[in-house]
Amino acid sequence: MKKYWSNRIKELEAYVPGEQPKDRRYIKLNTNENPYPPSPKAVEAMQGAIGDEMRLYPDPECSAVVEAIAQRFGIKKEQIFVGNGSDEVLAMCFPAFFDGDKPILFPDITYSFYPVYADLYQVPYETVPLSEDFTVPVDKMLQPNGGVIIANPNAPTGIALPLEAIERIAAGNLDSVVIVDEAYVDFGGESALPLINKYPNVLVVRTTSKAYSLAGLRVGWAMGNENLISALNTVKNSINSYTLDRVAIAGGAAAIADEAYFKACCDKVIATRERSIAALTELGFRCLPSSANFIFAGPSAIAADELFVKLREKGVLVRYFKKPRINGFLRISVGTDEEMNVLLAAIKGILG
Ligand SMILES: *Cc1c(COP(=O)(O)O)cnc(C)c1O
């Protein structure tokens, strides 16, 4: 097998996305999707985009999305790059900013797509072990490197670094690009956005997949110095100039502009998260402090993998990572209050 495959691909271990099962209905708490529907204004805009105009290519500059982001965050259009989900934005960062000469740095426990991109683009990397309490050790992110990537809040721990720590990492790495992946920042993290006008090496990456309830649309973006944005556009226009289709451009722009709806959804998720952490703690779980829309929780009375299987049998899907240091935890996405009640009842039933 693998005849005709390039050597690079033969060796590659690809990312494995969370299950999207089709065999039955589950309470889906495994891929950090938002339990609430997208903004009605976004749905209307997407419906409006479907029609005769679909025969035309979409706007390669995604201007409507760029303008919505510029307005919402008070930055210049030249500081914004839009892509087909933040995964694509992150993938394009690798050839844009990282060479093969010095290893890039990211934590040992973080978003598992980073090492896959590094391997695909043949960028060497070194992982920095999280501290005992699962926080990112800032000092160790200052060793010589060819670039830095930090998910803040981190996944799958949910733990956030304060802005002041991110600033130390930015200031200590002025010769390399520091990417801050803020997929979960809207659920309680502190954004590094204020740093982009001060540090030419900081790139903040966001997505509409989590806080904007649009995982199905695939809209992500990066914010940073014009020079970094230019490099990303050079990569994009060397692969695919039309990364966002007409529906995604219309829906993404409307969702980002509807700040009130977005905020109400985030507030609900945060309230449910706090209530669920309290209930899980009561049931003997060790819950890491979460600034995200998921809870990283380690059961005390049962092995995590066993609980994962038993919850699945009861129709509740969560995520289990069979990896050293975190194999005693489950990552549980925050659903609606009703969904979390089903989860908690199922756990009580399993624990007896
Ligand atoms: C979900 C997630 C992403 C990917 O988001 P998309 O925009 O859906 O591609 C990126 N980074 C982290 C840490 C995530 O958890």
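Residues numbered from 1 in each chain as written. Predicted model: local features only at pLDDT ≥ 70, side-chain atom pairs only at ≥ 80, totals over all residues. Heavy atoms only, no water.

Enquirer: Can you lay out the site of the ligand for me, pointing to particular residues and giving the numbers?
Expert: Looking at the ligand, the residues that line it are G85, S86, D87, Y111, D181, A183, Y184, T207, S209, K210 and R218. A distance of 2.7 Å separates a nitrogen atom of the ligand from a polar side-chain atom of D181. Between the ligand and S209, the relevant distance is 2.6 Å, taken from an oxygen atom to a side-chain nitrogen or oxygen of the residue. Its free accessible area being 390 Å², the ligand has 93% of it covered by the protein chains. (Near = heavy atom within 4 Å. Polar contact = N/O pair within 3.5 Å; in protein donor to acceptor, adjacent residues only side chain to side chain. Areas by Shrake-Rupley, 256 points an atom, 1.4 Å probe, with all protein chains shown as cover.)

Enquirer: Residues and numbers for the sheet that holds strand β10 (residues 294–298), please.
Expert: Reading across the sheet, the four strands line up as β9-β10-β13-β12 and stay open at both edges, with antiparallel pairing between neighbours. Both edges of this open sheet fall to β9 (286–287) and β12 (319–320), since each of them pairs with a single strand only. Bridge analysis of β10 against strand β13 (residues 330–333) gives four bridges, and the strand direction is antiparallel. Across the sheet, residue F294 finds its bridge partner in β13, namely S333. (Pairing = 2+ DSSP bridges. Helix = DSSP H or I, 4+ residues; strand = E, 2+ residues; numbered from the N terminus.)

Enquirer: So what's going on with the pairing of β10? Residues and values would help.
Expert: Of all five residues in β10, five are buried, a share of seventy percent or more. In β10, alternate side chains face the same way, and those of F294, F296 and G298 on one face and I295 and A297 on the other are all buried. Joining the antiparallel neighbours β9 and β10 is a turn of six residues. (Buried < 20%, exposed > 50% of the residue type's maximum accessible area, 1.4 Å probe, protein only.)

Enquirer: Please give an account of the side chain of K236 that cites residues and values.
Expert: Tracing the sequence through the fold places K236 in helix α7 (residues 226–236). Within the structure, the side chain of K236 is placed 2.5 Å from the backbone oxygen of P60, a separation counted as a polar contact. Excluding residues within four positions of it along the chain, K236 makes contact with P60, F81, M92, S241 and T243. (Contact = heavy atoms within 4.5 Å.)

Enquirer: How would you summarise a nonpolar patch on the surface if you had to cite specific residues and measurements?
Expert: Together, Y4, W5 and I9 make up an exposed nonpolar region whose accessible area comes to about 380 Å². Inspection of the secondary structure assignment puts I9 in helix α1 (residues 7–10). You can call I9 partly exposed: its relative accessible area is 32%. (Patch = residues over 30% accessible without salt bridge, like charges linked within 9 Å, V, L, I, M, F, W, Y side chains within 5 Å. Salt bridge = Lys/Arg side-chain N within 4 Å of Asp/Glu carboxyl O.)

In short, geometric facts, not functional conclusions.
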